[in-house]
Amino acid sequence: MALRKKTVIKFVPCIDRQEIITSVSNIIFDQVKKKKNSIIGFGAAMGLSDLYDQIAIEFKRRKISFKDVVIINSDEYIDIEQRYKKYSKIELMKNFLFKRTDINLDNVLSPNKENYKTFDKTIRKLGGIDLLILLPGANGYVGFNEPGTKINSKTHISKLENDTRSSLTGIFDEKINVPYYAITIGLKTILESKKIILIASDSSVSAAISKLFEKGYLQIWPITSLIFGEDVTAFVTLEATKLMTN
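Residues numbered from 1 in each chain as written. Predicted model: local features only at pLDDT ≥ 70, side-chain atom pairs only at ≥ 80, totals over all residues. Heavy atoms only, no water.

(A) Spatial organisation of the layout of surface pockets. Estimates place the volume of the largest pocket at around 530 Å³. Put simply, the parts of the chain that give the lining of the largest pocket at least two residues each are β4 (75–77), α3 (89–96), α5 (162–167) and β9 (196–200). In terms of residue count, α5 provides more of the lining of the largest pocket than any other element does, 3 residues in total. Classifying every residue of the lining of the largest pocket gives 15 nonpolar, 9 polar and 5 charged. Approximately 210 Å³ is the volume attributed to the second largest pocket. Every residue lining the second largest pocket is counted, 15 residues in all, and those nearest its centre are Glu 76, Tyr 77, Lys 85, Ser 88 and Asn 112. Counting residues per element, the ones that place at least two in the lining of the second largest pocket are β4 and α3. Its residues assigned to classes, the lining of the second largest pocket comprises 6 nonpolar, 3 polar and 6 charged. (1 Å grid on protein atoms, 1.4 Å probe; cavity = no way out; pocket = protein on both sides within 12 Å on 5 of 7 lines; lining within 4 Å. Points joined across faces, edges and corners; volume = space filled by probe spheres on them. Helix = DSSP H or I, 4+ residues; strand = E, 2+ residues; numbered from the N terminus. Nonpolar A, V, L, I, M, F, W, Y, C, P; charged D, E, K, R; others polar.)

Structure representation (C-alpha cells):
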C-alpha cells in the first residue's frame, strides 16, 4: 500500500460525551444534506447507541431523508451463538438506528463469511466511504483490527484478543460466550475513507489516544495508522486524554 503523506489529525476537545455525540450527529446530517446518497460507515453498534439515539431524534426534527444513504457496517462477529444473534452488530444497528429512520435495508452492507473477500471491491464500486465513524478499543483497535494488523490489510477475518473479548462480556453475559473471531474492514479500507471521525470519551482508551497523538505509526497500535488518513478528526474528552503528555 502506498501511504499518503501523514495528515494532521484534527483534535476537538469536548466537555463530555454528549457534546461529542451532538457534534458528530451534526456532521452526519451535514454529510447527508450535501450528498443524499452518501456512503457512511459505522465502526461500533452498542458502543454508539447514544449517537444512534441522537440521529433518530434529529431525523424526526430535521426531516432529512436517509433513504438513499448506503450504510457500511465495519465489522461483524463470526459463529455467534443462536441465542445471541440479537446482539450481532447488524441486528443491534437495526434496532438502534435503521428502524428509527427511513434507511433502506437494501442499502445496508455488512461483511460476512460469504462476501468479505469482495467487500472492498463493492465499497470501491460505490465510490468509497464518504464518512466513517470509529470507536477505538483500549488496545488501539479500530474496526476489529487488533494489534499487529498490517496497514495494507483489506477486509479480513480477525482473531479477537483476550482484552477485546473481555470488553464485550457485558453484551454476551460471560466471556465464554463471546465469539473468538470477527470479520472487519481492514486498515487499508479505513484509510481510503474520505473523512474519518474518531470518538473517544472515557479513560479506557486513554493509552490508545496518547499513542495516536504522541507517536508515529506503530503496528502494535492500529489506531496510529490514522495518521495516514485523508481527513481525520478526533473528538475527545478530558478522561480520554489523561495519559497524553503534551
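(B) Structural detail: the environment of Ser 204. Within the secondary structure, Ser 204 is located in the loop between β9 and α8 (206–214). One polar contact links Ser 204 to Asp 202, side chain to side chain, over a distance of 2.3 Å. (Polar contact = N/O pair within 3.5 Å; in protein donor to acceptor, adjacent residues only side chain to side chain.)

(C) Quick peek at helix α1 (residues 17–34). Over its 18 residues, α1 runs 26 Å from end to end, which matches the ideal 26 Å to within 8%, given 1.5 Å per residue. Turning to α1, its buried residues number three or more, namely Ile 20, Ile 21, Val 24, Ser 25, Ile 28, Phe 29, Gln 31 and Val 32. Looking straight down α1, one finds its buried side chains confined to an arc of 160°; they lie on one side. Away from its buried face, by an angle of more than 90 degrees, α1 presents the exposed residues Lys 33 and Lys 34. Along its buried surface, α1 packs onto β1 (10–14), β2 (39–42), α2 (49–62), β6 (131–134), β9 and β10 (232–237). The N-capping residue of α1, defined by a side-chain oxygen 3.3 Å from the backbone nitrogen of Gln 18, is Asp 16. (Expected span 1.5 Å × (residues − 1). Buried < 20%, exposed > 50% of the residue type's maximum accessible area, 1.4 Å probe, protein only. Arc of directions from axis to C-beta. Contact = heavy atoms within 4.5 Å.)

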